[in-house]
Amino acid sequence: MRILLLLTAFVAAQAQDGASGSNWPSYGGSSYFWRYSALDQINTANVKKLAPAWIFSTGDYVQGLQSTPVVVDGRMYLSTSRSQVFALDAATGRTIWQYKYPFPKSAGVNTQNRGVAVAQGKVFIGTYDDFLVAIDQKTGRELWKVATDDAAQCGCTITAAPLIANDKVIVGSSGGDRAFRGYLSAFNIKTGRLVWRFYTIPGPGEKGHETWKGDSWKFGGGAPWTTGSYDPALNMIYWGTGNAAADMYAGNRDPGGDAPNVNLYTGSILSLDADTGKLKWFYQVVPKDVWDYDAAFECVLVDHEFKGRMRKLLLQVHKGGYTFVLDRETGEFLNAFRIVDEETWVKGITEDGKLVGRNEPVPGKVVRVCPSAMGAKQWNHTSYSPRTSMLYIPVIELCADYTSVEQEAIEGASFGGGNFDFTQAIQQTAGKLAHIDGYDIATGKRMWSVPQRNIILASMLATAGDLLFTGDPLGNFFALNARTGEKLWSFQTGAGHRGSSISYMVNGRQYIATPTGMGGAVGTQISGLLEDGPMFRGGSTLVVFALPGDSK
Amino acid sequence: MIRLWPVFFLAALASAQSTGQMIARGEQVFNQTCANGYCHVAKGAGGGAAPRLVARGFDEPYIAKVVMSGVPGTAMAAFASQLPPADLSAVIAYVDSLNGVTPSANPAGRGGLQPPVAIKRTPLSPEAEKGRSLFFEATLGFGRCSTCHQVGNLGLPVASPITAIPANVAALKALKTPHVSTATADGERMPVLVLSQGSKAAIFYDLTSAPPVYRVMDSVQVNIAAGSSWSHASAIHAYSDGELGSILAFLRTTAHP
């Protein structure tokens, strides 16, 4: 192992360090969500020798494997779509324990699980039926569980990995395409007791409530359905929220007038005090969303120079095809740089972040919109490398034909308020449906771009070896040069990629682990759309790579 | 508001319209509920995440079963609890029509399934209806009754089923809870509802605050004693007396095994 880890530890007292080292301790690699490993044993010079070290099949393959493994002190914790958790020896794949959550008989949409959190001797998983469960990290025994909601009533689920902040475990809710009101809940790690709950839609008497018409706030969506980020220095957590509901019809929720914010805090980036859950600031990316444009994706926290001075930045890639750059202390808008070629939902974004020239679906008319509701990026995550100052983004170029229909809310039921259809619109971007790009975060300049034949639905992983790893739906797991985008290595893993790869080290050996197995709503949908779709194989297998013993 | 549809209405509503009207309504429901680009797509044409539905050779009992009960382990939800009966029949009739099947008069009834019904098969009085809403009211968060009580298929069964309904609000507020004990662990005392207590492990709900927490502890870690300072009155403080009266009216209409 090289000395980079020691060096970064040495300077950590002054500088922010969002890198992971021997451990991959949390969902985002660190609470800053860089998804960047400081390990460099595997690098541009030797990556060609990378070979499978061990392979683990979970047996839970119905919805594929969308998870991010967590590694702590040589043990890996891996969740599957049906809320099972495995503890594995991270060097060999040997099963240490298995936790089987009793999966409910009646399954609805989104039966996937994207990962666990590990802290203070416990492993935490959110379940399909809205429980948060604490498991003993050593034995796999259940310690406590608590219901965040009644799944039969809310139609909501937990798909995201929880976030740890101090002595709390914080989890969001999925379900914003239904008649549902989003929230975040924080529980005490030791006792499981609720510490705070933050509704993403203000109730009567709360600031922001006036941005809703009538009772529409009760079922207005705004689900914070991915995992947030945490800045310990500021003691703030950051979380994106999903679309407003009904997704494509705003007539019943728009209070009228010309206020800059409509339907708060949907389609927004939120900053909350980690201890109290009190809102510090918000930035509404899309007021009065009608495109199913969640702003729910990961918030990447980077201290970096911006226009000549050091700033505490927050970057979020948005479904609408822009990367938003904010000051994470204040929420001040700094920049929005465009990442898609095809874009018609707005004519543009002003220098202070205002949307101009909205192209909205309206009842009685089919309106083509780019990007589609699938987003210019899906939930699969970006990666940030401090060595290149680049954010690596998997971009989707896909349009959709929208229809908008007035719909009444029935609690917990599907609440689309319209429809979107790709079957014709896909022709518009045929042949250039996807690319992986490296963007300079300070300037928003695209430094390189690598076209992809198929849409990339797996997360990016950058390492100090100047490598960028990801996988495609055909099963290819590959490494690009993080500085140039040049492809350096590829391996056919046998099943499509819809999860998040990680890197870690055990006994001086660096590993790269990737989940395989296509699944989930978007994964299946992509399969139905693309020519190669029949070859996007399902499954639920973790494939782990390392350099052969003699080439380290 | 969640709707629990009395079976009482089912036949009456479904037969009140012609087959053509039913299919037309079914297409509307389908477009709003099932045709989303993530799922079956307009006209069940496929290309979304869910299977194509047009010209699959499905018969009505199969379609009805899938619509009502869902397909366990897949994204197909059970819509019996999500759509009113007339809309269930209509959407089944519409999918029938995509498969060249002439719908029966009452397709939702053909599946032999019933929506989850927590209440007697008579319409509720306005007050009981109000009480039902309040019992499950989502905007009350963990202050609602269904945080701890299950009625029908809704709510969480932390408490044992409600079998005796207090005569009035005063009696409800004075409700004694002798089955709540006091646990002492790590130097902390907490009111608990014990589920099991063996030589190895003690399993209980910690009632210190809402929502209750299901906890498993080593028996040697925890000491459990009879009685507690916990009161049901403190758990229902989100409701006014008038609202509690409505809730009691609702509970009196509920069916019990």
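Predicted, not measured: the structure shown is a model, and the values here were computed from it.

### Comments concerning the overall build of chain A
Stage number 1. Summing up its helical and strand segments, chain A has 3 helices and 40 strands in all.
Stage number 2. Here the C-alpha radius of gyration of chain A, 22 Å, is about what a compact globule of 552 residues would show, namely 24 Å.
Stage number 3. The principal-axis extents of the C-alpha atoms in chain A amount to approximately 70 × 50 × 50 Å.
Stage number 4. Going through the 552 residues of chain A one by one, you find that 62% of them count as buried.

### With respect to helix α9 (residues 241–253) of chain B
Residues and elements named next belong to chain B.
Stage number 1. In a regular helix each residue adds 1.5 Å, so 13 residues correspond to 18 Å; α9 covers 19 Å between its end C-alpha atoms and thus fits that length.
Stage number 2. Within the span of α9, buried status applies to L244, S246, I247, F250 and L251. Seen along its axis, α9 keeps its buried residues to an arc of 155°; they face one direction. Of the exposed residues in α9, the ones pointing more than 90 degrees away from its buried face are D241, G242 and R252.

### A few points about the nonpolar core
Stage number 1. In terms of nonpolar packing, the biggest core is built from 208 residues, with V116, A117 and I237 of chain A touching the most fellow members.
Stage number 2. When residues in this core are grouped by element, the largest group, 6 residues, is from strand β29 (residues 390–396) of chain A.
Stage number 3. Viewed by domain, this core spans two of them, domain 2 (126–171 + 236–253) and domain 3 (180–230) of chain B, each represented by three or more residues.
Stage number 4. Setting aside residues up to four positions removed in sequence, V116 of chain A forms contacts with V70, Y77, S79, V85, V123, F124, I125 and A161 of chain A.
Stage number 5. With 31 residues, the next largest nonpolar core counts I23, M68, A80 and A86 of chain B among its residues.

### Things to note about the confidence of the model for chain B
Residues and elements named next belong to chain B.
Stage number 1. For chain B, per-residue confidence averages 84 on the pLDDT scale, and residues scoring 70 or more make up 83% of the total.
Stage number 2. Within chain B, the lowest mean pLDDT, 38, falls on helix α1 (residues 8–15), and the highest, 98, falls on strand β3 (residues 201–206).
Stage number 3. A low-confidence stretch, residues 1–16 stays under pLDDT 50, and its non-local contacts, those more than four residues away or across chains, total 42 contacts.
Stage number 4. With pLDDT under 50 throughout, residues 110–121 is counted as low confidence; its partners more than four residues away or in other chains account for 42 contacts.
Stage number 5. Two numbers describe this predicted complex: its pTM, 0.90, and its ipTM, 0.93.

### Looking at the pairing of strand β23 (residues 322–327) of chain A
Residue and element names in this part refer to chain A.
Stage number 1. With 5 of 6 residues buried, β23 is to be regarded as a mostly interior element.
Stage number 2. Bridging between strand β22 (residues 309–317) and β23 involves 5 bridges; their strand directions are antiparallel. When the bridges of β23 are listed, V317 appears paired with T323.
Stage number 3. In sequence, β22 turns back onto β23 through a hairpin of 4 residues, with G321 there showing a positive phi of about 100°.
Stage number 4. The pairing of β23 with strand β24 (residues 333–338) spans 5 bridges and is classified as antiparallel. The residue of β24 that forms the bridge with T323 is F337.
Stage number 5. Hairpin geometry of β23 and β24 is characterised by an intervening segment of 5 residues between the two adjacent antiparallel strands and by a positive phi of about 85° at G331.

### A few points about unusual backbone geometry
Residue and element names in this part refer to chain A.
Stage number 1. Cis rather than trans, the peptide bond between A245 and A246 has omega equal to 5°.
Stage number 2. Among the secondary structure elements, A246 is positioned in the loop between β18 (236–240) and β19 (268–273).
Stage number 3. Across the junction of C370 and P371, the peptide omega takes the value -5°, indicating a cis bond.
Stage number 4. Positive phi values are uncommon outside glycine, yet N507 reaches one of about 50°.

### Let's talk about the sheet that holds strand β11 (residues 163–165) of chain A
Residue and element names in this part refer to chain A.
Stage number 1. Ordered in space as β11-β12-β14-β15, the 4 strands form an open sheet in which the pairing is antiparallel. The open sheet is flanked by β11 and β15 (194–199), the only strands paired with a single partner. Ignoring strand direction, the axes of neighbouring strands in this sheet form an average angle of 20°.
Stage number 2. Bridge count for strand β14 (residues 183–188) against β15 is 5 bridges, and the pairing is antiparallel. What sits directly across from Y183, in β15, is Y199.

### Side note on the confidence of the model for chain A
Stage number 1. Mean pLDDT for chain A: 93, with 95% of residues reaching 70 or above.
Stage number 2. Per-residue pLDDT stays below 50 along residues 5–14 of chain A; that stretch engages in 6 contacts with residues further than four places along the chain or on separate chains.

Analysis parameters
Residues numbered from 1 in each chain as written. Chains lettered and ligands numbered in written order. Predicted model: local features only at pLDDT ≥ 70, side-chain atom pairs only at ≥ 80, totals over all residues. Helix = DSSP H or I, 4+ residues; strand = E, 2+ residues; numbered from the N terminus. Rg over C-alpha atoms; globule rule 2.2 N^0.38 Å. Buried ≥ 20, exposed ≤ 12 C-beta atoms within 10 Å, placed from the backbone. Expected span 1.5 Å × (residues − 1). Arc of directions from axis to C-beta. Core = buried A, V, L, I, M, F, W, Y, C linked by C-beta atoms within 7 Å. Domains from an automatic or database assignment. Contact = placed C-beta atoms within 7 Å. pLDDT = per-residue confidence, 0-100. Pairing = 2+ DSSP bridges. Axes fitted to C-alpha atoms, helices over the stretch in contact; angles between N-to-C directions.

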